[in-house]
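Take a look at the letters that make up each chain.
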Amino acid sequence: MKGWTTKELIPLMKKHETYQRACNNRDLHGFEGPIKVSFGNYTYPIMQDFLRAAESQGFPVTDDLQDLVTGYVVLFSCGVGGFLDFLP
């Protein structure tokens, strides 16, 4: 849909976020917006095993939700209980 592609939405996302993690691609993130983006302070103990298993099967993995190249992302700590999700 015109105007709603990832590349078209990047300027809007950058305007509204303050990315609070180490960043390899500063072109995809904002650092002065009103919404703070981070991973929180808890990850599931099995997380690294899960990621290694996915990578061993040929799935590319990234922890950057705005990575425009990798097809899979890992989401952490959303809501009260938190969760781990692997999304294509």
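Asker: How should the overall build of the chain be read in this particular structure?
Answerer: Regarding its fold elements, the chain presents two helices and four strands. Out of the 88 residues belonging to the chain, those deemed buried represent 25%. Of the contacts formed within the chain by residues at least 6 apart in sequence, a portion of 27% connects residues at least 24 apart.

Asker: Could you clarify how one ought to interpret the side chain of H29 in this entry?
Answerer: If you trace the backbone, H29 turns up in the loop between strand 1 (17-19) and strand 2 (35-37). In this structure the side chain of H29 is engaged in a polar contact, spanning 2.9 Å, whose partner is the side chain of E17.

Asker: Where do I start with the side chain of E17 in this structure?
Answerer: Here E17 is to be found in strand 1. One buried charge, E17, has no salt-bridge partner; the nearest side chain with opposite charge is K14, at 8.2 Å.

Asker: Looking at this structure, I do not really get the pattern of salt bridges. What am I missing?
Answerer: A side chain with one charge may pair with a side chain of the opposite charge, provided their charged atoms come close. With the rule as written, the count across this model stands at one salt bridge. Between D49 and R52 there is a salt bridge whose closest N-O contact spans 2.5 Å. Placement of both D49 and R52 in helix 2 (residues 47-56) is noted, with a separation of three residues, approximately one turn of the helix. Look at D49 and you get partly exposed, because its relative accessible area is 44%. Under the relative-accessibility criterion, R52 is labelled partly exposed at 47%.

Asker: Would you mind showing me how to read the confidence of the model for the chain here?
Answerer: In low-pLDDT regions, the fine details of the predicted coordinates are not to be read closely. Mean pLDDT over the chain stands at 75; residues scoring 70 or higher make up 73%. Per-residue pLDDT, averaged within each element of the chain, yields its smallest value for strand 4 (residues 85-87) (42) and its largest for strand 1 (89). Confidence drops under a pLDDT of 50 for residues 76-88, and excluding neighbours within four residues, the segment shows 33 contacts in the predicted structure.

Asker: It is not clear to me how the environment of K36 should be interpreted in this structure. Could you clarify?
Answerer: Considering the arrangement of structural elements, one finds K36 in strand 2. Taking relative accessible area as the criterion, K36 reaches 62% and is therefore assigned exposed. With 16 residues separating them along the chain, K36 and Q20 place their C-alpha atoms 6.8 Å apart.

Asker: What am I meant to see in helix 2 here?
Answerer: Within an α-helix, residues lying three or four positions from one another point in the same direction, as the helix has 3.6 residues per turn. Those residues of helix 2 that fall on the buried side of the exposure criterion are M47, L51 and A54. Down the axis, helix 2 shows its buried residues gathered within 60° of arc, on one side only. Just past helix 2, the residue G58 takes up positive phi, approximately 95°.

Asker: What should I look at first to understand the packing of aromatic side chains in this one?
Answerer: The description of an aromatic ring pair uses the distance of the two centres, along with the angle that the planes make with each other. Following the criterion strictly, the structure yields one aromatic pair and no others. Arranged with centres 6.5 Å apart and planes meeting at 85°, the rings of Y19 and F31 form a pair that is edge-to-face. Separated by twelve residues along the polypeptide, Y19 in strand 1 and F31 in the loop between strand 1 and strand 2 bring together distant segments of the chain. On the basis of relative accessible area, Y19 is assigned to the buried category, the value being 9%. What makes F31 partly exposed here is its relative accessible area of 28%. Of note, R26 hangs over the ring of F31, and the distance from its end group to the ring centre comes to 4.0 Å.

Conventions adopted
Residues numbered from 1 in each chain as written. Predicted model: local features only at pLDDT ≥ 70, side-chain atom pairs only at ≥ 80, totals over all residues. Heavy atoms only, no water. Helix = DSSP H or I, 4+ residues; strand = E, 2+ residues; numbered from the N terminus. Buried < 20%, exposed > 50% of the residue type's maximum accessible area, 1.4 Å probe, protein only. Contact = heavy atoms within 4.5 Å. Polar contact = N/O pair within 3.5 Å; in protein donor to acceptor, adjacent residues only side chain to side chain. Lys, Arg positive; Asp, Glu negative; His and termini not counted. Salt bridge = Lys/Arg side-chain N within 4 Å of Asp/Glu carboxyl O. pLDDT = per-residue confidence, 0-100. Arc of directions from axis to C-beta. Phe/Tyr/Trp six-rings, centres within 6.5 Å; stacked < 30°, edge-to-face > 60°. Lys NZ or Arg CZ within 6 Å of the ring centre and 35° of its normal.

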